[in-house]
Amino acid sequence: MITGPLKSKIDKLWLEFHTGGITNPLTVIEQITFLMYARLLDMNESNDEVRASRGGKEFKRRFNDEQQQLRWSKFRHLPAEQMYKVVRDKVFPHFADLAGEGTLFAEFMKDAQLMIQKQSLLVKAVEMVEDLPLQNADTKGDLYEYLLSKLTTAGINGQFRTPRHLIRTMVELLDIEATDRICDPACGTAGFLSVAYEYLMQKYSSEAGTHSEPMFDADGKPVLNKKGQQLQNVIYSGDLLTPEQRKHVDTDMFHGFDFDATMLRVAAMNLVMHGIAEPDVHYQDTLSQRFTERFPKASRDGFDVILANPPFKGTLDEEDCDPALLRVVKTKKTELLFVGLIQRMLKIGGRSATVVPDGVLFGSSNAHQQLRKFLIEDNQLEAVISLPSGVFKPYAGVSTAIIIFTKGGNTDRVWFYDVKNDGFTLDDKRNEIEQNDLPDLIAQYKAYQQAVINNQPLDAWQDKTQPAFVVDAADIIANKYDLSINRYKEVVYAEQQYDAPKVILNKLVALENDILADLKALEAIL
């Protein structure tokens, strides 16, 4: 959690970019990201140099002897004009060179360029980024999340940032493992993947497995607090992860696709900021036939877990869409096609938690019914979680739900949960409140899953007046595969007691007499 002073620094930096003529939020985030990356490269180089001098071990250098002027600690002290030329003409090209030809990182770093046109703005931005506490891994991730929260408008295709606490809920519901391969086919800024990584590190790091390392700045000097004591950075050692699992987490666990190049660069940096060594993110429209051709392993039976909030609105040309998806659901609507895509990308037994608009649950078109039938009869639809309509404000007020399903088999019953409050107000301000159903949602779903696994009675979820309840698949099929929670939820109406009509009439007469008396008294005074 970042503090008020740190938020003020980010807000001030954001304002400087707007004052300097850069008003596109994505561009601002991208440019701040590049500067943060430049500083992190130097910080990591300095830390490795200190460790090497103490232990005598060699390390892979990020800057050779001829590239020392490209280090943050060097160019930030240069005069404005000279700094601008070094950053524009040498530092940014170095990003792509450092990524390496043919590497995943080079795919979206090769087009990185300095969009800041004013030398004075670059100087101010460098000064402010220097003042950010990037030494702390947890703060670094939270800081970047706060930057991403500045994206307050939805894209033209219905993309918008998923609230972090909602992502965390979805990750906890699926309870990911260190051996899983995880994907988001419309990853945007990679919020799902970064939160999944955080959850995994907490799950596989015991308190005894953490350790502290002294902090050093980009110049190799100790970072001190106000009392003159050197600050320590708490490191999750992942002591419960085997070396093979750690390698899998760093190189083959997290995968993302998106067709917005700017989003991809931000996504890649988001994952790097959170600690993923080699994020696997690619520029690709996953609904197109080109995706199947280019990524045959990923496009079919490739993943254990898929977490997604795909674009809701818009349609696409059938000629661009993969014919295999159209055989699952004959439609041009992206929200339906993405569900079909996710099912295809999962391995048999793979699980998904996906945000869908409510229309997917009860739409009456042939395509809507076809998709729901597919989910119930050819897969195990585990849960439908209804969300209040304000969870995505200020981006959109659309009413949504989370569907959780496992690929393969068929559905015996579906678990429903009606979320009324997510811990925040449901207006554009989204202020924090006490009412929050998400902890109860997680606890009840895990209890339900445990009961199913152990073949225990499901009596606790038979009462359809409660927030959580189960519905037999036969009942859903009888209702044309309708998955709307209101179709099955029972509402208890409290009986209202009213006075008899004559009593009400006498009360009205008495009231009229009182008014008339007051008017006569007023007339007497006049």
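Note that the structure is a prediction, hence the values are computed from the model and not measured.

Can you walk me through the pattern of salt bridges in this structure?
A side chain of one charge can pair with a side chain of the opposite charge when the charged atoms of the two come close. Summed over the entire model, instances satisfying the criterion amount to 25 salt bridges. One salt bridge connects Arg39 with Glu130, and the closest N-O pair in it is separated by 3.8 Å. On the criterion of sequence distance, the pair formed by Arg39 in helix α2 (residues 25–55) and Glu130 in helix α6 (residues 119–130) is long-range, its members being 91 residues apart. Residue classification places Glu130 among the partly exposed residues on the basis of a relative accessible area of 22%. Here Glu45 makes a salt bridge to Arg62, at a shortest N to O gap of 3.0 Å. Taken as a pair, Glu45 in helix α2 and Arg62 in the loop between α2 and α3 (72–75) lie far apart in primary sequence, 17 residues in all. Across this residue pair, the class does not change: Glu45 and Arg62 are buried. A network of salt bridges, in which partner residues are shared, links Arg39, Arg76 and Glu130.

Sorry if this is basic, but what is going on with the packing of aromatic side chains here?
Within a pair of aromatic rings, the relevant descriptors are the distance that separates the centres and the angle that separates the planes. Tallied over the full model, the rule gives 13 aromatic pairs. Ring centres of Phe416 and Phe469 lie 5.6 Å apart, and the angle between their planes is 10 degrees; this geometry places the pair in the stacked category. With Phe416 in strand β10 (residues 413–418) and Phe469 in strand β13 (residues 468–472), this pair connects stretches of sequence that are 53 residues apart. In this pair, the class of Phe416 matches that of Phe469, namely buried. The rings of Trp415, Tyr417, Tyr445, Tyr448 and Trp461 are connected pair by pair, giving a single aromatic cluster.

Would you mind showing me how to read the pairing of strand β4 (residues 254–258) here?
With five of five residues buried, β4 lies mostly within the body of the structure. A two-sided burial pattern is seen for β4, the buried positions comprising Phe254, Gly256 and Asp258 on one face and His255 and Phe257 on the other. The pairing of strand β1 (residues 182–184) with β4 spans three bridges and is parallel. If you follow Ile182 over to β4, its bridge partner there is Phe254.

Could you clarify how one ought to interpret the sheet that holds strand β9 (residues 400–407) in this entry?
Pairing between sheet strands relies on hydrogen bonds along the backbone, with the strands arranged either parallel or antiparallel. The mixed open sheet is built from nine strands, whose spatial order is β5-β4-β1-β6-β7-β9-β8-β10-β13. A strand with exactly one partner marks an edge of an open sheet, and here the two such strands are β5 (280–283) and β13. Averaged over neighbouring strand pairs, the angle between their axes works out to 15 degrees when direction is ignored. Note: β4 against β5, four bridges, orientation parallel. Its bridge partner being in β5, Phe257 is matched across the sheet by His282.

Mind showing me how you'd approach the side chain of Asp482 here?
Relative to the helices and strands, Asp482 resides in the loop between α19 (473–478) and α20 (485–488). Within the structure, Asp482 has its side chain in polar contact with the side chain of Arg487 (distance 3.3 Å). Residue contacts for Asp482: discarding those within four places in its chain leaves Leu361, Phe362, Arg372, Ile476, Arg487 and Tyr488.

What is the right way to read the packing of helix α1 (residues 4–19) against α6 from this model?
Any two packed helices are characterised by the angle at which their axes cross and by the distance between the axes. Remark: α1 packs on α6, axes separated minimally by 10 Å, with the N-to-C direction vectors making an angle of 170 degrees. In terms of orientation, α1 lies roughly antiparallel with respect to α6. Residues Lys12, Leu13, Glu16 and Phe17 of α1 lie in contact with α6, whose contacting residues are Leu121, Lys124, Ala125, Met128 and Val129. When grouped by side-chain class, the residues that make up the contact of α1 with α6 number six nonpolar, no polar and three charged.

Before we go on, may I ask you to explain unusual backbone geometry in this structure?
It is generally the case that most residues other than glycine have a negative phi and that most peptide bonds are trans. The phi torsion at Asp175 lies on the positive side, around 50 degrees, for a residue other than glycine. Despite not being glycine, Tyr481 has its phi angle at roughly 60 degrees, a positive value. Inspection of the secondary structure puts Tyr481 in the loop between α19 and α20. Given a relative accessible area of 11%, Tyr481 falls into the buried group.

What should I look at first to understand the nonpolar core in this one?
Here is a general trend for soluble globular proteins: nonpolar side chains tend to be buried in one another's company. Formed by 55 residues in total, the largest nonpolar core has its most connected members in Ile182, Phe254, Leu307, Ile385, Ile402, Ile404 and Trp415. Element by element, the count of residues in this core is highest for helix α9 (residues 191–203), at eight residues. Those residues within four positions of Ile385 in sequence are excluded, and the remaining contacts are Leu173, Ala401, Ile402, Ile404, Tyr417, Val419 and Leu441. Val28, Ala38, Ala112 and Val129 belong to the second largest nonpolar core, which has 48 residues in total.

Sorry, what's going on with helix α18 (residues 438–453) here?
Count 3.6 residues to each turn of an α-helix, and residues three or four apart come out pointing the same way. Helix length check: α18 (16 residues) gives 23 Å between terminal C-alpha atoms against 22 Å at 1.5 Å per residue, within 8%. Of the positions making up α18, those classed as buried are Leu438, Leu441, Ile442, Tyr445, Tyr448 and Ala451. Asn455 lies just past α18 and shows a positive phi near 55 degrees.

Can you help me understand the packing of helix α8 (residues 164–174) against α18 in this one?
Orientation of α8 relative to α18, taken along the N-to-C sense of each, is 10 degrees, at an axis distance of 10 Å. In terms of orientation, α8 and α18 fall into the roughly parallel class. Mapping the contact onto sequence places His165, Thr169, Glu172 and Leu173 in α8 and Leu438, Leu441, Ile442, Tyr445 and Lys446 in α18. Residues that form the contact of α8 with α18 fall into these classes: five nonpolar, two polar and two charged.

What counts, and at which threshold
- Residues numbered from 1 in each chain as written.
- Predicted model: local features only at pLDDT ≥ 70, side-chain atom pairs only at ≥ 80, totals over all residues.
- Heavy atoms only, no water.
- Salt bridge = Lys/Arg side-chain N within 4 Å of Asp/Glu carboxyl O.
- Helix = DSSP H or I, 4+ residues; strand = E, 2+ residues; numbered from the N terminus.
- Buried < 20%, exposed > 50% of the residue type's maximum accessible area, 1.4 Å probe, protein only.
- Phe/Tyr/Trp six-rings, centres within 6.5 Å; stacked < 30°, edge-to-face > 60°.
- Pairing = 2+ DSSP bridges.
- Axes fitted to C-alpha atoms, helices over the stretch in contact; angles between N-to-C directions.
- Polar contact = N/O pair within 3.5 Å; in protein donor to acceptor, adjacent residues only side chain to side chain.
- Contact = heavy atoms within 4.5 Å.
- Parallel < 35°, antiparallel > 145°, perpendicular 65-115°, else oblique.
- Nonpolar A, V, L, I, M, F, W, Y, C, P; charged D, E, K, R; others polar.
- Core = buried A, V, L, I, M, F, W, Y, C linked by side-chain atoms within 4.5 Å.
- Expected span 1.5 Å × (residues − 1).

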